[in-house]
Amino acid sequence: QVQLVESGGGLAQAGGSLSVSCAASGRTFSSYVMAWFRQAPGKEREYVAGITWVGRTDYADSVKGRFTISRDNAKYTVSLQMNSLKPEDTALYYCAADRRLAFSSSISTFRSDYAYWGQGTQVTVSS
C-alpha cells in the first residue's frame, strides 16, 4: 500500500512560480513511475508530467519548458516546479503512483494506470 500526501501550491500571479511536493509512504516507492495530474473545475483530470525510477521525465505539451518534475528516492518525495505560470494552469494538482511494473522505463499518461493518488493541492494563477 502506498499513501501520497501533497503539499505546496497556493496563489501566484501570471508569470510567477510555484512548487508542489508529494511525500510517499512505502519502501517500494523508488521503483514506481510517479506522475502529476491536474483537474480544473468542470474539466477532466489531465496528465501533467511523469518520472521513472531513474529520473527519466515526460511532460504534457501544455507545460513543456515551464514545469520540471523531480524525485528524491531517498526521501520518498516527488516534486513539480512550475515556472511562467498561466491562468490556465489553475487546478487541483494530484500526485499519483503507477505500480503496475516495478522499475519501468515507460511513463503512462492515462490516469487509469495509476493505482494510488494523493488528496490534491490547489494551485491558483491570477491574471
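Residues numbered from 1 in each chain as written. Predicted model: local features only at pLDDT ≥ 70, side-chain atom pairs only at ≥ 80, totals over all residues. Heavy atoms only, no water.

Asks: What am I meant to see in the overall build of the chain here?
Replies: For the chain, the helix and strand inventory stands at 0 helices and 11 strands. Its helices and strands taken in sequence order, the chain reads β-β-β-β-β-β-β-β-β-β-β from the N to the C terminus. Burial statistics for the chain: of 127 residues in total, 42% are counted as buried. Pairs at least 24 residues apart make up 61% of the contacts formed inside the chain by residues separated by at least 6 positions. Distance between charge centroids for the chain: 4 Å, based on 13 positive and 10 negative side chains. (Helix = DSSP H or I, 4+ residues; strand = E, 2+ residues; numbered from the N terminus. Buried < 20%, exposed > 50% of the residue type's maximum accessible area, 1.4 Å probe, protein only. Contact = heavy atoms within 4.5 Å. Lys, Arg positive; Asp, Glu negative; His and termini not counted. Charge placed at Lys NZ, Arg CZ, Asp CG, Glu CD.)

Asks: Help me out: how do you make sense of the layout of surface pockets in this one?
Replies: Its boundaries defined by the atoms lining it, the largest pocket holds a volume of some 160 Å³. Forming the boundary of the largest pocket are 13 residues, of which R38, K43, E46, E88 and D89 lie nearest the centre. Of the residues in the lining of the largest pocket, the class split is 2 nonpolar, 3 polar and 8 charged. (1 Å grid on protein atoms, 1.4 Å probe; cavity = no way out; pocket = protein on both sides within 12 Å on 5 of 7 lines; lining within 4 Å. Points joined across faces, edges and corners; volume = space filled by probe spheres on them. Nonpolar A, V, L, I, M, F, W, Y, C, P; charged D, E, K, R; others polar.)

Asks: Can you help me understand the sheet that holds strand β7 (residues 67–72) in this one?
Replies: Two strands in a sheet stick together by hydrogen bonds in their backbones, pointing the same way (parallel) or opposite ways (antiparallel). Taking strand neighbours across the sheet as the criterion, the 4 strands line up as β1-β3-β8-β7 in an open arrangement whose pairing is antiparallel. One side of each edge strand has no neighbouring strand; the edge strands of this open sheet are β1 (4–8) and β7. Each strand axis lies, on average, 15 degrees off the axis of its neighbour in the sheet, ignoring direction. Pairing analysis gives 6 bridges linking strand β3 (residues 18–24) to strand β8 (residues 77–82), with the strands arranged antiparallel. Counterpart to L18 in the pairing with β8 is M82. (Pairing = 2+ DSSP bridges. Axes fitted to C-alpha atoms, helices over the stretch in contact; angles between N-to-C directions.)

Asks: Could you clarify how one ought to interpret the pattern of salt bridges in this entry?
Replies: If charged atoms from side chains of opposite charge come close, those side chains can pair. Enumeration according to the criterion identifies 7 salt bridges in this entry. Where R38 meets E46, a salt bridge forms, and the shortest distance between an N and an O atom there is 2.7 Å. Overall, the relative accessible area of 5% leaves R38 in the buried class. According to the relative accessible area criterion, E46 is partly exposed, its value standing at 36%. When the shortest N-O distance is used, the salt bridge between D89 and R66 registers 2.8 Å. Pair noted here: D89 is in the loop between β8 and β9 (91–98) and R66 is in the loop between β6 (57–59) and β7, with a separation of 23 residues, a long-range link. According to the relative accessible area criterion, R66 is buried, its value standing at 11%. (Salt bridge = Lys/Arg side-chain N within 4 Å of Asp/Glu carboxyl O.)

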